[in-house]
Amino acid sequence: MGSLGVWAVAALLLGTSVWTLSEAHRTGKDRHRMETASASPVGTPNEPHATDRGTSDGTIDRSLSDPDGGLCRRTYCGRGRQCLVLAETGRAECVCQEKCRPSFVPVCGSDGRFYENHCEVYRTACLEKRRIYVVHSKDCFFKGDVCTMSEYNRLKSMLLNIQPQGLGGDGQQSQQRDMEHKRALVDNMFKYLDVDQDGRLSSDELEKISMKEHLEDSLLECSMQDLLRYDDYNNDGHLTLHEFYTAFQVVQLSLPEEQRISVSTVTVGLSMVLSCAIQGTLRPPIIWKRNGIILNFLDLEDINDFGDDGSLYITKVTTIHMGKYSCHAYGYEDLHQTHVLQVNVPPVILVYPETQAQEPGVSASLRCHADGIPNPKLIWLKNGLDLQLQSSKQISLIANGSELYIGSVRYEDTGAYTCIAKNEVGVDEDISSLFVEDSARKTLANILWREEGLSVGNMFYVFSDEGVTVLQPGECEIRRHMKCTERIVATYEEMCPKGEGVAPQRCAWSSAVNVREKYIYVSQPLQSRLLVVDTQAQKVVQAVATDPYPVKLLYDKSHDQIWVLTWGDMQKTYPTLQVIPQASVGEVHKAIRTTFQRVSDFFIPPTNLIITHVRFAFLFLKNEPAVHKIDLETLHRVKTISLKNYSCMPVSMAYTHLSGFYFVQCQSRSHLQAPPQLLLDSVTDTVIGPNRNITGRPYVSPDGRYIVTPDPRSSRLVVQTVSFTGELAVSQELDSPAGVSDVVFQPSFTESNQYSLAAASGSGTDLLFSHLWSEGHSKVLRGLKEPVRPQAWPWGGPNRPLVASGLFGQYLLTPSTESLFVLDGKQSSPHCEVSDIKRGNTIVWVGEV
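As a starting point, this report considers the structure included with it.

Calculation notes
- Residues numbered from 1 in each chain as written.
- Predicted model: local features only at pLDDT ≥ 70, side-chain atom pairs only at ≥ 80, totals over all residues.
- Heavy atoms only, no water.
- Helix = DSSP H or I, 4+ residues; strand = E, 2+ residues; numbered from the N terminus.
- Buried < 20%, exposed > 50% of the residue type's maximum accessible area, 1.4 Å probe, protein only.
- Areas by Shrake-Rupley, 256 points an atom, 1.4 Å probe, with all protein chains shown as cover.
- Core = buried A, V, L, I, M, F, W, Y, C linked by side-chain atoms within 4.5 Å.
- Contact = heavy atoms within 4.5 Å.
- Pairing = 2+ DSSP bridges.
- Phe/Tyr/Trp six-rings, centres within 6.5 Å; stacked < 30°, edge-to-face > 60°.
- Lys NZ or Arg CZ within 6 Å of the ring centre and 35° of its normal.
- Expected span 1.5 Å × (residues − 1).
- Salt bridge = Lys/Arg side-chain N within 4 Å of Asp/Glu carboxyl O.

### Quick word on the overall build of the chain
Item 1. Broken down by element type, the chain carries 8 helices and 57 strands.
Item 2. Burial analysis of the chain (849 residues in total) assigns 53% to the buried set.
Item 3. Surface accessibility of the chain: about 37,700 Å² in total, with carbon and sulfur atoms responsible for 50%.

Structure follows, in structure tokens:
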């Protein structure tokens, strides 16, 4: 019953193409779920939990069947059935579904019957214990009827046309305005037909009005009785106003005011169902958007099912999925619901040092860093017991527990100190051991800490004209200097061969990367090769040949490979992209040329404590307004994201895993006409639009919460923040040094889960320190001497780099033309200057800190 009206509304509202796409999309997914449901255990990321609202097809609230979410949480029943805990046995059993949620998505069953939605098909199949599936055909709607679909529609159109057209609406073009006008006409018609004013139309009333208005002569094959025959859904012999609305395809939608904004929280790795609260008669299909992008017809990896009730399913949620989602009925965007999704992450912890040995009377510091959402709280134990801070005058906690400081260690302070990080969804811990012993007693811990911790690790490696300088920043001590003439172990060649003529022998470097604290790969563009430095032996052990002019290196930690960009010549005529696999393995390495042509630059998102694996890189090709997404595993192109509509030639990118934003810097047309950054959504791989009017190169803090952009048009730094609900906002603007060359972040020494910023000028002698979490806490250092001029540093990258000393490091290093400046990030002040280091612009930090 009611088949004609329901089918007609779908055709009217959606149009043939959208209806067909929608049905085809749903059919393929229905078939896929039917084939795979039995193989997917409950609790896996591919299935919503039984306590979530909705089954795999989004039709049941299972929490009503099993309030404690216990037995039924582990029982998957499949479509058309639901889980109940039997009182007699206490066991979970699958029974036929009691009822389906009201949804008007008409389908034909393989039994030849009409069903109002997919759920009714599967429920009936369960009750009748036979297989019934959806057949995409209209035959069951009009089987054997003389009054065809087109004739029935003509009847209803005629009835609408004879109503007074001045009622309701003024002919606005929007679908919603048209529907309001139509509802007014139908209301007026119903009142006219309802002779006895009882709110129901009977067969007698329909017959009398037909005779009264002499409609029989013009209705062709259909009569007024067909309204009752086709649209009396409950078979009670009457038409209610609700059924009358359905017959004339009057859409009535509602959304409770308190549900216009819905906030949901989910733990990373689980599945999530977002249900649209918009309800009403003949509700059209639900459309979901994220960042203004329609999701329904995208082939997404993690958002792949929309269900019969219009719910949005996200499988295996990650931090990129946080943010705002909106739903509305197709054609009715004015009425929409906003879902705010926060993704919680259990803490991940790291302590430093793992082991240290100290003599009595000196101070000791134990550091603890934890990432998580929400921000974890830190507590310390000693040998498994709570620290007695109140009774101890020499032990104190700094920065909300990020540092445990012992002012003057005693023998009894020896022990295992456990740092515990805890938030709403998890806990993690790690141990830092302290040994307090007389210097005459050389224990194993003492030897390891003194000989390995100081002599090899925790050093800056500076590649300059004179060779390689290994600098210990705390003491401002040069631990080793490798001259240009030092030999490569594998080939016995000189590290920097002498050029032709009488010019002095010197080295030319462009880029270097740290490979798991074991090796440093550094490029020599004029030699068309990379050198491999063994950090334990502190020697150059190998030379790796590349295409001419290797200028940029980046280490992909997830796949242990180094990406090498070469120019071919100084005019960048023949650029290539090469990869060195198994970079951390002690073997003879070779650079493998990829198939990508005309590469001008590339970007690989960074890792952190939470994001330990990266799957994709991005390439920029010469003179092409697009970024190309590359699979790091296969080195194949995944897709191309066009920037043509924004006339953007990409220059650089940055990324935050919070909500999955990519920030793209576009090439400047002139100094005064720099285009704004573009925002890309990593969930949909589409362009969201300009990032406000912010222009310049973006930098993102290691935790993804701060995005800092030096504006090339002014001496300002724009600081944006990303909240744990994925909201991007401008937090402050800072006065910056002229022509910022580089920006680095340091974890705060006074506030847990916060960062400080340092920004170096590329054209002057100033450097800015600023606390990002608090406005007004900035300091400018002056007089750091002139940097290398940009024209004297032709290899790209910053002409005055700024390098920090790791997650727990206190020091930063930046070069001038002929010296190095070590800066104390904790004090925001200069620490020392190391002279006679010319063009030391290639710097790498090696160490646990």
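Further notes follow.
### Concerning the nonpolar core
Item 1. Within the largest apolar cluster, 80 residues are counted, with the highest numbers of intra-cluster contacts made by Leu-227, Phe-244, Phe-248, Trp-288, Ile-303, Tyr-325 and Leu-680.
Item 2. Counting residues per element, this core draws most heavily on helix α4 (residues 175–193), at 6 residues.
Item 3. When residues no more than four places from it in sequence are discounted, the contact partners of Phe-244 are Val-186, Met-189, Phe-190, Leu-193, Leu-201, Leu-227 and Leu-239.
Item 4. By size, the runner-up hydrophobic cluster in this structure holds 20 residues, among which are Val-470, Cys-507, Val-533 and Val-844.

### Some points on unusual backbone geometry
Item 1. Of note, the amide linkage connecting Tyr-352 to Pro-353 takes the cis form, showing an omega dihedral of -10°.
Item 2. As for its placement among the helices and strands, Pro-353 is situated in the loop between β17 (332–352) and β18 (355–358).
Item 3. That bond from Ile-373 to Pro-374 is cis: its omega, -5°, falls within 30 degrees of zero.
Item 4. Relative to the helices and strands, Pro-374 resides in the loop between β19 (364–373) and β20 (377–382).
Item 5. One non-glycine residue, Tyr-492, lies in the positive phi region at around 65°.
Item 6. Mapped onto the elements, Tyr-492 comes out in the loop between β28 (477–483) and β29 (512–515).

### With respect to the sheet that holds strand β53 (residues 803–804)
Item 1. A sheet is described by the order of its strands in space; here 4 strands give the open sequence β53-β54-β55-β56, paired in antiparallel fashion. Each having just a single partner strand, β53 and β56 (829–835) make up the two edges of the open sheet.
Item 2. Sheet analysis places β53 next to strand β54 (residues 811–815), joined by 2 bridges and oriented antiparallel. Bridging from a neighbouring strand, Val-803 pairs with Leu-813 of β54.

### What to know about the packing of aromatic side chains
Remark: the centre distance and the inter-plane angle together describe each pair of aromatic rings, the angle taken between the planes.
Item 1. Evaluation of the coordinates by the stated rule reveals 12 aromatic pairs.
Item 2. Clustering of aromatic rings is evident, with ring pairs tying together Phe-190, Phe-244 and Phe-248.
Item 3. We note Lys-552 situated over the ring of Phe-602; from NZ or CZ to the ring centre the distance is 4.6 Å.
Item 4. Over the ring of Phe-616 we find Lys-629, and its NZ or CZ is 4.1 Å from the ring centre.

### Some remarks on helix α3 (residues 149–161)
Item 1. For α3, spanning 13 residues, the distance from its first C-alpha to its last is 18 Å, which sits close to the expected 18 Å at 1.5 Å a residue.
Item 2. What α3 keeps buried is the set Glu-151, Tyr-152, Leu-155, Lys-156, Leu-159 and Leu-160.

### Regarding the pattern of salt bridges
Item 1. All told, the structure shown has 24 salt bridges when counted by the stated rule.
Item 2. Where Asp-547 meets Arg-593, a salt bridge forms, and the shortest distance between an N and an O atom there is 2.6 Å. Of this pair, Asp-547 sits in the loop between β32 (539–545) and β33 (550–556) while Arg-593 sits in strand β36 (residues 592–593), and the two are 46 residues apart along the sequence.
Item 3. A relative accessible area of 12% places Asp-547 in the buried class.
Item 4. Between Glu-833 and Lys-785 there is a salt bridge, with the nearest N and O atoms lying 2.8 Å from each other. Taken together, the residues span a long stretch of sequence, with Glu-833 in strand β56 and Lys-785 in the loop between β52 (778–781) and β53 at a distance of 48 residues.
Item 5. By relative accessible area, Glu-833 is classed as partly exposed at 33%.
Item 6. One network of salt bridges, in which partners are shared, links Asp-465, Arg-506 and Arg-839.

These figures capture arrangement, not role.
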